[in-house]
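# Coordinate analysis (summary)
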Amino acid sequence: MLVRRSDSASRVMCYTVLVKKSPGLERLPGVLERRYSDFSALFAGLRRRHPSCVALRDFPFPRKALLGNFTSEVITERSLAFRHLLSRVHASPELRRSPEFAEFTWRREVCRAHRLMTAGHCGMYAECSETGEFHAGLLGDGDPDTFTTLAVLTACLNAVDNVAEAQKYAELALSKRLPGSSASNPSDLEVPLLVLAIRLWWAVGKEKRELEERLRQVKDTGINVDALPTLLELVLKKDSATLYSS
């Protein structure tokens, strides 16, 4: 992660957080803009939840200045401190998967995008595909929230006929096997995603026998695949609170 300052005409200082892309995603690094108050809320929330955490103990969080917030010295000091804070949080699986870090990094954008999607604006959600990159870059393989975002992006991209991008995100999602997930116990999004993926693989001319075998294994467990809602229907029935675990 890289934190740098971002000047604003409103005289409210924002700090830009760059998150490197995950292998398999070819877009530019994800970008967040956060204010001092956002970093302060993250730090305070993590300290409350994890009061004995070594990574946070005695961390020199920059104090709020009543005057001089825009001097180069204050901005440089804060930028370095924020970068070190995010590095410590990201290095700890417990902190990285905390609700506070989710709120700081992606939850507010994802919730807004999900509201747009449920209002019928799938294209606008699809334009927020950097959320998938944030999850893949921040949380890594096996994280249910990463899988969920990639699956939702697949559904939305397919809904707006962006088959190539939908196939790419479906492939990335299906490569991230969730802990505890199996043919007999798949996640609720996994089977509809698999069904859609087979269609997407066919549409782009990609070999789909492996996916068809995975679907056959699911059917052999007694799951009535044909009775399940489509991936988009399932996503639209849920709100962001039930979609995501964090």
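Residues numbered from 1 in each chain as written. Predicted model: local features only at pLDDT ≥ 70, side-chain atom pairs only at ≥ 80, totals over all residues. Heavy atoms only, no water.

As recorded in an unreviewed UniProt entry, the protein chain goes by PX domain-containing protein and comes from Rhipicephalus sanguineus. The UniProt entry for the protein chain carries this comment under Subcellular location (unreviewed entry): "Early endosome membrane". (UniProt positions renumbered as here; feature names shortened; annotations may be inferred.)

Attention shifts here to helix α7 (residues 144–159). Look at α7: 23 Å from first C-alpha to last across 16 residues, which is about the 22 Å you get at 1.5 Å a residue. For α7, the buried fraction is high: 14 of the 16 residues fall into the buried class. (Helix = DSSP H or I, 4+ residues; strand = E, 2+ residues; numbered from the N terminus. Expected span 1.5 Å × (residues − 1). Buried < 20%, exposed > 50% of the residue type's maximum accessible area, 1.4 Å probe, protein only.)

For the structure on display, the rule yields 8 salt bridges. Its salt-bridge partner being Glu-213, residue Arg-216 comes within 2.5 Å of it at the nearest N-O pair. Here Glu-213 and Arg-216 lie together in helix α10 (residues 209–220), a separation of 3 residues that amounts to about one turn. Salt-bridge contacts for Arg-216 lead to Asp-220; the nearest nitrogen and oxygen are separated by 2.3 Å. Of this pair, Arg-216 and Asp-220 both sit in helix α10, separated by 4 residues, roughly a single helical turn. Classification of Arg-216 as partly exposed rests on a relative accessible area of 40%. On the accessibility criterion, Asp-220 (54% relative accessible area) is exposed. (Salt bridge = Lys/Arg side-chain N within 4 Å of Asp/Glu carboxyl O.)

Another point: the packing of aromatic side chains. Given two aromatic rings, their pairing is described by the distance between the two centres and the angle made by the two planes. Tallied over the entire structure, the rule returns 9 aromatic pairs. A ring pair is formed by Phe-43 and Phe-59, whose centres lie 5.8 Å apart and whose planes are at 50°; its orientation type is tilted. Here Phe-43 is found in helix α1 (residues 36–49), whereas its partner Phe-59 is found in the loop between α1 and α2 (72–91), with 16 residues between them in sequence. Taken as a pair, Phe-43 and Phe-59 share a single burial class, namely buried. Against the face of Phe-104 rests Arg-34, its NZ or CZ located 5.8 Å from the ring centre. (Phe/Tyr/Trp six-rings, centres within 6.5 Å; stacked < 30°, edge-to-face > 60°. Lys NZ or Arg CZ within 6 Å of the ring centre and 35° of its normal.)

Attention now goes to the nonpolar core. Core analysis: the biggest nonpolar cluster contains 36 residues, and Leu-189, Leu-193, Leu-211, Leu-231 and Val-235 have the highest contact counts within it. The residues contacting Leu-193, other than those within four sequence positions of it, are Phe-147, Ala-151, Thr-154, Ala-170, Ala-173, Leu-174 and Leu-231. Grouped together as the second largest cluster of nonpolar side chains are 22 residues, Tyr-36, Leu-42, Phe-43 and Cys-53 included. (Core = buried A, V, L, I, M, F, W, Y, C linked by side-chain atoms within 4.5 Å. Contact = heavy atoms within 4.5 Å.)

Right, let's talk about the environment of His-84 for a bit. Assignment of secondary structure puts His-84 in helix α2. The partly exposed category is assigned to His-84, whose relative accessible area is 45%. Each C-alpha atom of the pair His-84 and Phe-59 lies 9.3 Å from the other, and the pair is 25 residues apart in sequence.

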